[in-house]
Amino acid sequence: LFLCFQLAEGLIYQSWRDEAKELVDLVSKPHFMSFLFVHDSVAQRDFEPTLPPIPDDVLDSDEDTVKYVSLYKTKEPLGATIKRDRSTGAIVVARIMRGGAADKSGLIHEGDELKEVNGVSLEHKKPNEVLPLLDCSQGEVKFKIIPASSSGEMSPHKKKMFLRPLFDYDPLEDPAVPCKDAALVFKRGEVLQIVSMEDDTWWQACHLGDSGTRAGLIPSKQLHERLLILLLINILMTLCPNIASLFLAGLRRSFRLGRKSSWAREAARAKRWSTGIHRTFTAPTYIEVIPHYRNSTDRHRLVALVGPSGVGVSELKRRLLISDPDHYGVTVPYTTREKRKQEKDGVDYHFVSIHMFEEDILNQRFIEYGRHKAHYYGTSLDSVNRVMAEGKVCLLDVHPSKIKHVYTSEYKPYVVFVKPPRIEELRLTRRRAKFICDEENKNSVRIFSEEQFEDMIDSAETMENQCGHLFDKVIVNGDIAVAFRELKADLKRVEEADVQWIPAEWICPSSPTKARRSCGYLGGWI
Ligand SMILES: Nc1ncnc2c1ncn2[C@@H]1O[C@H](COP(=O)(O)OP(=O)(O)OP(=O)(O)O)[C@@H](O)[C@H]1O
C-alpha cells in the first residue's frame, strides 16, 4: 500500500500523460486500496511452523547429524515398522509402508535410527517397549532421529506389477509376521498390486483398486516357499521320521560333500530323494498376472474342467451344455476304431486311420491321447479350434498335466478344478444319488467303493500339489446342484468382467521381471 502511495505521488510530478493518469486512478480506487491493505496485513503475519527450541544437549552430542521430526498421528498407525539393529542394539526403522502417514511425510526413511519418541529416550529399549509409546500417542509425535546414510537408491521395481496369490493368508495366524497390523489379509485368486519388493522376505502390496491406501506386508515368494518346505518336512517327520531325517541330512550334507568322502554314498542317496521331492512338490506361491481387455469380437476363453476320476467333471460339463447349448460346446474326440452303426462321423467321433492318428501325434496335434483295446482315442487342438470358431465357450475335460498344451494366449484357458468334498460328504452324496435315481437310470449311476472314495481324495490332493498354480477356480462337488450353480455363476462372472487377469507369461514370455525373479518351477512365476 505504501509503495502504491509513493508510486502515485511520483506520477503526479510527471507530465500527467494519459497512461499515468489512468494508472493513478486505478490504484486510488477504494477496492484496490482495500485489496492492498489485506495483502499487507497477511504478509506481515508469520505462517512458518514454529519449531521446538533446539534441545541443550544437541550441541554436546557427538553424533554427526540429528534430525527432529514431528508427525501428526491419527488413530491410524504411522505406517512404519521398527526393529532392533543386531550389531548396535539401536532401534531402527525397518519398513515404511507405502501410502501411510510416515511415507507421505517423506521425513522418515528405512534405516533411520530412532533416538527418542516424544522426549523419551529409546536407548536400551526393545521394539516391544517402544510400540506402546506410539500406540498411546495421538496428535503430534516428535522423533529424534539419526538419518540412515542415504544411498539415494530408487526402487528398481517401478513397473506396475500384479500378482495372484495361490494361497490364503491371514497375518493373525502367522507367527512369523513382523507386525500383524502392518500385514495384508488376502485370499487365493485375488489380485494384489505389488508396491515394493525391495525386501527379500516381506514385500508390500495393496488389494486391487486400493493403491491409494497404505500398503501392507505380504510374505515374499522365497519366504512362503521356505515355510511350505518346512511344513512338508514337519509332516514327513510325523509320518516317516527316517525318511525325513535322511532328507534333512541330505540338505545339510550336500554343502559338505567335497570334504567328507565317506558320506558320499549316503548323501548322494539323500540328495536323490530330496530332488524327488522338489520335482513333485511345486510350492504354490504367486503368479504374475496382467490385465486383459476382451473385445466383443474376440474368441471366448477356453474352459478346462479338471479333477480326479469320478469326481463329477463329466456331470458338470453335461449340465452346462444342457443349460445353454448355443453358448457352450464340447470337443469331438478322434479315434481309430471302427464306426458303429448308430454313430455319426464328426458328431460322436472323428474316425481316422492309424496312420493319420500317428502322424498327428508326431505333429503334436493332440492335447491328450491314449490307447484302449488296440485303438487310439484323443482330443486334438483342431477340435478345440472348431468349437471356439463357432463362437462358443469350449468345455474341455483333460488331465491337469495336459493343460500345458493350451496354456497360451491363443486359448487363454480358465481352469476349474473340481474337488471332492470331505469323505463323509462324498459317501453321503454319492449314495444318496444312487438311492434317488429311478430304476430306469440305475445302471448309469456309478457305484463307488470306499477305496475309490479314498483314491479320489488322494489324487485330488496330488493334483492340487502338482498343478494347483494353474487353477483359476476350485469348485467342491458335494451337492451337485450347488456345485453346478456355483460353476455357472462363476463362468458368467468371468465372461462378463471388463477386465480379465491372465498370466503375464502368455503375453510376454520373456518379461524382464520374470528373468529377474524367476525361480524355475514354471515360467511366469516370480
Ligand atoms: N455331486 C454329486 N453327487 C452325487 N453324484 C454325483 C455327483 N457328481 C457326480 N456324480 C455321479 O458320479 C458319477 C461319476 O461322475 P462323472 O462321470 O461326472 O465323473 P468324472 O469326473 O467325469 O470321472 P471320469 O473321468 O472317470 O468319467 C456319475 O454317476 C455322476 O452322476
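In the block above lies the structure referred to throughout.
Since the structure is predicted, the reported quantities are computational estimates derived from the model, not experimental observations.

*Asks:* Would you take a moment to explain empty space enclosed by the protein for this structure?
*Replies:* Empty space among the atoms becomes apparent when a probe as large as a water molecule is rolled across them. The full count for this structure, using the stated rule, is two cavities of 30 Å³ or more. Its volume calculated, the largest cavity comes out at about 100 Å³. Every residue lining the largest cavity is listed: R294, H300, R301, V303, V393, Y414, L491, V494, E495 and Q500. Element by element, the count of residues in the lining of the largest cavity is highest for helix α15 (residues 480-496), at three residues.

*Asks:* I tried to follow the nonpolar core on my own but got confused; where do I start?
*Replies:* One finds L302, V306, I367, V384, I403, Y411 and F471 to be the most contacted residues of the largest nonpolar core, which totals 32 residues. Mapped onto this core, the elements with two or more residues apiece are β11 (286-293), β12 (303-306), α12 (381-389), β18 (393-397), β19 (414-419), α14 (450-467), β21 (499-503) and α16 (504-507). Here the element with the most residues in this core is α12; it accounts for four residues. In terms of domain composition, this core takes at least three residues from each of domain 3 (160-294 + 510-516) and domain 4 (298-327 + 392-497).

*Asks:* What is the right way to look at the site of the ligand in this model?
*Replies:* By nearness alone, 18 residues border the ligand, and S309, G310, S314, N477 and G478 come closest of all. Contact with the protein chains covers 79% of the free accessible surface of the ligand, which is 630 Å². Put simply, the parts of the chain that give the shell around the ligand at least two residues each are α10 (313-323) and α13 (423-436).

*Asks:* What exactly am I supposed to notice about the pattern of salt bridges here?
*Replies:* Pairs can form between side chains of opposite charge once their charged atoms are near each other. Inspection of the entire model under this criterion finds 20 salt bridges. Between E113 and K115 there is a salt bridge, with the nearest N and O atoms lying 3.8 Å from each other. When its relative accessible area of 22% is taken as the criterion, E113 is described as partly exposed. Judged by its relative accessible area of 23%, K115 is partly exposed. Between R493 and D490 there is a salt bridge, with the nearest N and O atoms lying 2.8 Å from each other. With R493 and D490 both in helix α15, this residue pair falls three residues apart, about one helical turn. You can call D490 buried: its relative accessible area is 5%. Look at the salt bridges and you will find they share partners, linking R98, E110 and E198 into a network.

*Asks:* Would you mind going over the sheet that holds β21 with me for this structure?
*Replies:* The pairing of strands in a sheet happens through backbone hydrogen bonds and is either parallel or antiparallel. Sheet architecture is open: six strands sit in the order β10-β9-β8-β7-β11-β21, paired in antiparallel fashion. Two strands bound the open sheet, and with one partner strand each, they are β10 (216-219) and β21. Averaged over all pairs of adjacent strands, the angle between their axes in this sheet comes to 50°, without regard to strand direction. For strand β7 (residues 161-165) and strand β8 (residues 192-196), the ladder comprises three bridges, and the chain directions are antiparallel. Looking at β8, one finds that M161 is bridged to I194. Running over the sheet, helix α7 (residues 221-239) touches β9 (202-207), β10 and β11 and is turned about 110° from β9.

*Asks:* Where do I start with unusual backbone geometry in this structure?
*Replies:* Trans is the common state for peptide bonds, and a negative phi is the common state for residues other than glycine. In this model, K373 sits at a positive phi of 50°, which is unusual for a non-glycine residue. Along the chain, the position of K373 falls in the loop between β16 (366-372) and β17 (375-380). One non-glycine residue, A374, lies in positive phi territory at about 65°. Relative to the elements of secondary structure, A374 occurs in the loop between β16 and β17. Taking relative accessible area as the criterion, A374 reaches 52% and is therefore assigned exposed.

*Asks:* Would you mind going over the packing of aromatic side chains with me for this structure?
*Replies:* The description of an aromatic ring pair rests on the distance of the ring centres and on the angle between the ring planes. According to the stated counting rule, one finds 17 aromatic pairs in the structure shown. With 6.1 Å between their ring centres and 85° between their planes, Y334 and F366 make a pair best called edge-to-face. Placement of the pair is Y334 in strand β14 (residues 334-335) and F366 in strand β16, with a sequence separation of 32 residues. For the residue pair Y334 and F366, the accessibility class agrees, reading buried in each case. Seen in terms of ring centroids, F357 and Y376 are 4.8 Å apart; in terms of plane orientation they differ by 5°. Their pairing is stacked. Taken together, the residues F357 in helix α11 (residues 354-362) and Y376 in strand β17 connect sequence positions 19 residues apart. You can call F357 buried: its relative accessible area is 0%. Ring-pair connections join several aromatic residues into one group, and the members of that group are F167, Y169, F186, W203 and Y286.

*Asks:* It is not clear to me how the environment of V311 should be interpreted in this structure. Could you clarify?
*Replies:* Along the chain, V311 turns up in the loop between β12 and α10. Expressed as a C-alpha distance, the spacing of V311 and I457, which sit 146 residues apart in the sequence, is 9.1 Å. When neighbours within four sequence positions are excluded, V311 is seen to be in contact with V418, K419, P420, R430, M456 and N477.

*Asks:* Sorry, what's going on with the sheet that holds β12 here?
*Replies:* Read across the open sheet, the five strands follow the order β13-β18-β12-β19-β20; overall the sheet is parallel. Because the sheet does not close on itself, it has two edges, and the strands there are β13 (328-330) and β20 (473-476). Each neighbouring strand pair of the sheet contributes to a mean axis angle of 30°, computed without reference to strand direction. One ladder, built from four bridges, connects β12 with β19; its direction is parallel. Within the sheet, the bridge partner assigned to L305 lies in β19 and is V416. Each of β13 and β18 touches α12; the most contacted strand, β18, lies at about 150° to it. Contacting β12, β13, β18, β19 and β20, α15 runs over the sheet at an angle of about 160° to β20.

*Asks:* I'm lost on the packing of helix α2 (residues 18-28) against helix α3 (residues 30-44) in this one. Help?
*Replies:* Axes are the key here: two packed helices are described by the angle between their axes and the distance separating the axes. Two numbers describe how α2 lies on α3: the axes approach to 5 Å, and their chain directions differ by 65°. Across from L26, V27 and S28 in α2, the residues of α3 making contact are P30, F32 and M33. Taken together, the residues of the contact of α2 with α3 break down into five nonpolar, one polar and no charged.

Definitions and cut-offs
- Residues numbered from 1 in each chain as written.
- Predicted model: local features only at pLDDT ≥ 70, side-chain atom pairs only at ≥ 80, totals over all residues.
- Heavy atoms only, no water.
- 1 Å grid on protein atoms, 1.4 Å probe; cavity = no way out; pocket = protein on both sides within 12 Å on 5 of 7 lines; lining within 4 Å.
- Points joined across faces, edges and corners; volume = space filled by probe spheres on them.
- Helix = DSSP H or I, 4+ residues; strand = E, 2+ residues; numbered from the N terminus.
- Core = buried A, V, L, I, M, F, W, Y, C linked by side-chain atoms within 4.5 Å.
- Buried < 20%, exposed > 50% of the residue type's maximum accessible area, 1.4 Å probe, protein only.
- Domains from an automatic or database assignment.
- Near = heavy atom within 4 Å.
- Areas by Shrake-Rupley, 256 points an atom, 1.4 Å probe, with all protein chains shown as cover.
- Salt bridge = Lys/Arg side-chain N within 4 Å of Asp/Glu carboxyl O.
- Pairing = 2+ DSSP bridges.
- Axes fitted to C-alpha atoms, helices over the stretch in contact; angles between N-to-C directions.
- Contact = heavy atoms within 4.5 Å.
- Phe/Tyr/Trp six-rings, centres within 6.5 Å; stacked < 30°, edge-to-face > 60°.
- Nonpolar A, V, L, I, M, F, W, Y, C, P; charged D, E, K, R; others polar.

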